Amino acid sequence: GNSVTQMEGPVTLSEEAFLTINCTYTATGYPSLFWYVQYPGEGLQLLLKATKADDKGSNKGFEATYRKETTSFHLEKGSVQVSDSAVYFCALSDRSTGNQFYFGTGTSLTVIP
Amino acid sequence: GAVVSQHPSWVICKSGTSVKIECRSLDFQATTMFWYRQFPKQSLMLMATSNEGSKATYEQGVEKDKFLINHASLTLSTLTVTSAHPEDSSFYICSARRAGDTQYFGPGTRLTVL
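We now turn to the structure provided with this report. (Residues numbered from 1 in each chain as written. Chains lettered and ligands numbered in written order. Predicted model: local features only at pLDDT ≥ 70, side-chain atom pairs only at ≥ 80, totals over all residues. Heavy atoms only, no water.)

## Description of the interface of chain A and chain B
And step 1. Taken together, the contact pairs 14 residues of chain A with 16 residues of chain B.
And step 2. Both faces considered, chain A and chain B share a buried interface measuring about 1100 Å² in area, 56% of it formed by carbon and sulfur atoms.
And step 3. For chain A, the biggest contributors to the area lost against chain B are A:Leu44, A:Phe101 and A:Phe103; these three give 39% of the whole.
And step 4. One can count 0 salt bridges joining chain A with chain B.
And step 5. At the boundary of chain A and chain B, one finds 0 residue pairs in polar contact (both at pLDDT 80 or more).
And step 6. Those elements that provide at least two residues to the side of chain A that touches chain B are β5 (32-38) and β11 (100-103) of chain A. (Contact = heavy atoms within 4.5 Å. Buried area = accessible area lost by both parts, 1.4 Å probe. Salt bridge = Lys/Arg side-chain N within 4 Å of Asp/Glu carboxyl O. Polar contact = N/O pair within 3.5 Å; in protein donor to acceptor, adjacent residues only side chain to side chain. Helix = DSSP H or I, 4+ residues; strand = E, 2+ residues; numbered from the N terminus.)

So, in structure tokens, the structure goes:
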């Protein structure tokens, strides 16, 4: 079946530190992969996505590369800011299951000045 | 564009009462809306999928008589938790999708049943 496993938090970093949040997946078909971000009191916002192997999604300094060989889609940012404090969700959508979304548990990130 | 709202953002109710949660797509017409449930420190779990004007499709293990879903228009879906009990306490999130597009998520509703 389809599932997503992501690094448990919470993660606390100092401003300008390097961020990695690990995400691995299992899928029966050829999924699209996503990272969503949820700021306090707000809805889930699409951060970036990749639709096929070796694609790199990027947005706001965040990057993630779709690695089929390792079934991974790790989120990275070279220099985090206080405003990046949020909960990050890795997710997949598989056309073979009607584009249903499967989410990871979410990773809470706090960036301190 | 593509904003989804939910109302209320949080609700506390007594055991045995029913609670209605609204999900609205504010600036687009959503042919399909989804309802998710999220337990603390767990994934979002899809509860049901609803298409405007038709009955919702429930995921396995979700009681359709317990969680009533109505998708009466292209901009509104409601989830009614009937005869709520403390185990129904959770974070409920909706999403909306227009044809050929991805899902856009609402901010969620925190339900606490006393």
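## Some details on the pairing of strand β3 (residues 19-25) of chain B
All names here are of chain B.
And step 1. Here β3 shows one buried face, formed by Val19, Ile21, Cys23 and Ser25, and one open face, formed by Lys20, Glu22 and Arg24.
And step 2. As paired strands, strand β1 (residues 4-7) and β3 are joined by 4 bridges and run antiparallel to one another. Across the sheet, residue Gln6 finds its bridge partner in β3, namely Cys23.
And step 3. Of the pairings in the sheet, the one linking β3 to strand β8 (residues 76-81) comprises 6 bridges and is antiparallel in character. (Buried < 20%, exposed > 50% of the residue type's maximum accessible area, 1.4 Å probe, protein only. Pairing = 2+ DSSP bridges.)

## Points about a nonpolar patch on the surface
All names here are of chain B.
And step 1. A surface patch of nonpolar side chains, amounting to about 390 Å² of accessible area, comprises Trp10, Ile12 and Leu114.
And step 2. Relative to the helices and strands, Trp10 is located in strand β2 (residues 10-13).
And step 3. Since its relative accessible area comes to 58%, Trp10 is described here as exposed. (Patch = residues over 30% accessible without salt bridge, like charges linked within 9 Å, V, L, I, M, F, W, Y side chains within 5 Å. Areas by Shrake-Rupley, 256 points an atom, 1.4 Å probe, with all protein chains shown as cover.)

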